[in-house]
Amino acid sequence: MVIRLPFFRKKRKKLERIELDNTPEHIAIIMDGNGRWAKKKGLPRIAGHKEGMTVVQKIVRSAVKYDVKVLTLYAFSTENWKRPKPEVDFLMRLPKEFSHIYLPEMMENNVRIDTIGDFDSLPTHTKKAINHAKEKTKNNDGLLLNFALNYGGRYDIIQGMKKTLKQIENGELSVEDVDEEIISNNLFTAGINDPDLLIRTSGEERLSNFLLWQLAYTELSFTDVLWPDFNEELFKKAILDYKKRKRRYGGI
Ligand code: FPP
């Protein structure tokens, strides 16, 4: 029975590809609006984050279905520590909860979990949960589910600059060698192509210190829908809109 499963999975994927070939390979999402969603319902803000977590799983499923290669989700920024402690504590517990509920499905869907950001400064229990998920999924070669956790675009550039300067100091590089490829390879996203599409929910139209270097030529998609109300249909719509765009990268 174990032998039959990949056969069925392949067949289903092929059907979806007919409609959605040429999909963006790397989609980044700013999952905004959890707090407002909860407020509208008279619930505490953390209820919005909890609901937001279930939407993460739904969008992962859709990303697998549409053959997206990398999904980078802004889960916690370097600035989010300014929030009230109970909210921060709740957010820091979500990776464990997410793993507990969804890791079996991640395995079934061949999803690999990774993170970008200042990992060492996370609470020990958060790091433990994430390391467990990374370890469990490390040999999966389907969708890369990349959580930006304690991530800031400026912090990313600073740490990338420091690595580059160290390479110069050690004599591995000369100042003249420094180019876009070297900087890219020293960022948290080393080895991952830049996002093709950025989606931001909740009606805000700004980058909020997300992937500042990597988004240089990314197509942007904004929706007024709050993250807990985001769904497969809206995700598909963003992908279809992207497919209509002409990317020129500064050329004509
Ligand atoms: C922004 O909305 C959202 C966040 C800071 C947290 C996003 C986290 C999730 C969706 C869950 C992630 C799941 C895992 C497994 C890590 P906001 O709180 O700023 O909303 P508001 O602007 O309406 O206040």
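Now for a quick tour of the structure. In every chain, residue numbers begin from 1 and rise along the written sequence. Residues qualify for local features only when their pLDDT is at least 70, as the model is predicted, and side-chain atom pairs are given and counted only at 80 or more; totals for whole chains, interfaces and linings, by contrast, use all residues. Think of the side-chain values as coming from all heavy atoms in the structure, minus any hydrogens and water.

## So, the overall build of the protein chain
A run of H or I in DSSP counts as a helix once it spans at least four residues, and a run of E counts as a strand once it spans at least two, with each numbered from the N terminus. The secondary structure content of the protein chain amounts to eight helices and six strands. Ordered by position in the sequence, the α and β elements of the protein chain form the string α-β-α-α-β-α-β-α-β-α-α-β-β-α. In summary, the protein chain has a C-alpha radius of gyration of 19 Å against a globular reference of 18 Å for 252 residues, a match within 12%. Judged by the C-alpha coordinates and their principal axes, the protein chain covers about 55 × 45 × 40 Å. Only protein chains enter the accessibility calculation, which uses a 1.4 Å probe. A residue is then buried if its area is under 20% of the maximum for its type, exposed if over 50%, and partly exposed in between. Counting all 252 residues of the protein chain, 45% fall into the buried class. The centroid of the 43 positive side-chain charges in the protein chain is displaced by 6 Å from the centroid of its 36 negative side-chain charges. Here the globule rule is a power law, 2.2 Å times the number of residues to the power 0.38, and the radius of gyration is based on C-alpha atoms. Charged residues are defined here as Lys and Arg on the positive side and Asp and Glu on the negative side; His and the ends of the chain fall outside this count. A single reference atom marks each charge: NZ on Lys, CZ on Arg, CG on Asp, CD on Glu.

## A closer look at helix α6 (residues 153-169)
To estimate the expected span of a helix, count its residues, drop one, and scale the result by 1.5 Å. Spanning 17 residues, α6 covers 24 Å between terminal C-alpha atoms, matching the ideal 24 Å at 1.5 Å per step. Among the residues of α6, those classed as buried are G153, D156, Q159, G160 and T164. Seen end-on, α6 carries its buried residues on one side only, within an arc spanning 140 degrees. Residues of α6 that are exposed and angled more than 90 degrees away from the buried face: R154, K162, L165 and E169. Where α6 is buried, its residues meet β4 (144-151) and α7 (180-185). Positioned one or two residues after α6, G171 has a phi angle of 80 degrees, which is positive. The reported arc concerns the directions from the helix axis to the C-beta atoms and nothing else. Residue contacts are counted whenever heavy atoms from the two residues lie within 4.5 Å of one another.

## Observations regarding the environment of A238
Mapped onto the fold, A238 is located in helix α8 (residues 232-244). With residues up to four places along the chain from it excluded, the contact list for A238 reads L197, I199 and S221.

## Some thoughts on the site of the ligand
The immediate surroundings of the ligand are formed by 16 residues, with G35, R36, R45, H49 and R83 found nearest. In protein, a polar contact means a hydrogen-donor-capable atom and an acceptor-capable atom, both N or O and within 3.5 Å, with residues adjacent in sequence counting only if both atoms are side-chain atoms; elsewhere, any N or O pair within 3.5 Å suffices. Separating an oxygen atom of the ligand from a backbone N or O atom of G35 is a distance of 3.1 Å. For the ligand, an oxygen atom lies 2.7 Å from a polar atom in the backbone of R36. Out of a free accessible area of 630 Å², the ligand has 91% covered by protein chains. To be near a molecule or strand, a residue needs just one of its heavy atoms within 4 Å of it. For accessible areas, the Shrake-Rupley method is used with a probe of radius 1.4 Å. Any residue's cover is judged against the shown protein chains and nothing else.

## Looking at the layout of surface pockets
When its volume is computed, the largest pocket comes out at roughly 840 Å³. Of all the secondary-structure elements, those providing two or more residues to the lining of the largest pocket are α2 (34-40), α3 (45-65), β2 (70-77), α4 (85-108), β3 (112-116), α5 (124-137) and β4. Each residue gets one of three labels, nonpolar for Ala, Val, Leu, Ile, Met, Phe, Trp, Tyr, Cys and Pro, charged for Asp, Glu, Lys and Arg, and polar for the others, Gly among them. Here the lining of the largest pocket is composed, by residue class, of 17 nonpolar, ten polar and eight charged. Note on definitions: the grid is 1 Å and covers protein atoms alone; a cavity is a set of points where a 1.4 Å probe fits but cannot get out; a pocket is an open set with protein on both sides within 12 Å along at least five of seven lines; lining residues have an atom within 4 Å of a point. Grid points are joined across faces, edges and corners, and a volume is the space filled by probe spheres set on the points.

## Quick notes on the side chain of N109
In this structure, N109 sits in the loop between α4 and β3. The class for N109 is buried, based on a relative accessible area of 16%.

## Some thoughts on the nonpolar core
The nonpolar core is taken to be a set of buried Ala, Val, Leu, Ile, Met, Phe, Trp, Tyr and Cys residues, with the residues joined through side-chain atoms within 4.5 Å. Counting residues in hydrophobic clusters, the biggest one holds 42 residues, and the most contacted among them are I27, I29, V60, L71, M106, L145 and F235. Elements represented by at least two residues in this core include exactly β1 (26-30), α3, β2, α4, α5, β4, β5 (197-200) and α8. For this core, the element with the most residues is α4, which contributes nine residues. Excluding residues within four positions of it along the chain, I29 makes contact with I59, L71, T72, L73, Y74, L198, I199, F210, W227 and F235. Among the nonpolar cores identified, the runner-up in size contains ten residues, and Y74, Y151, L211 and L215 belong to it.

## Notes on the packing of α4 against α5
Two quantities define a packed helix pair, namely the angle between the helix axes and the distance between the axes. As a packed pair, α4 and α5 sit with axes 8 Å apart at the nearest point and diverge in direction by 15 degrees. One finds that α4 runs roughly parallel with respect to α5. α4 and α5 meet at a crossing whose hand is left-handed. Contacts from M92, R93, P95, K96, S99, L103 and M107 in α4 reach H125, T126, A129, I130, H132, A133, K136 and T137 in α5. The class makeup of the residues in the contact of α4 with α5 is seven nonpolar, five polar and three charged. Axis lines are fitted through C-alpha atoms, for helices just across the contact stretch, and the angle between N-to-C directions can take any value from 0 to 180 degrees. Each angle gets one of four labels, with under 35 degrees taken as roughly parallel, over 145 as roughly antiparallel, 65 to 115 as roughly perpendicular, and the rest as oblique. Crossings are sorted by hand: turned counterclockwise from the far helix by less than a right angle, the near helix makes the crossing left-handed, and turned clockwise it makes it right-handed.

## Regarding unusual backbone geometry
Positive phi, close to 55 degrees, is recorded for N150, a residue that is not glycine. The backbone of Y249 sits at a positive phi, close to 50 degrees, despite the residue not being glycine.

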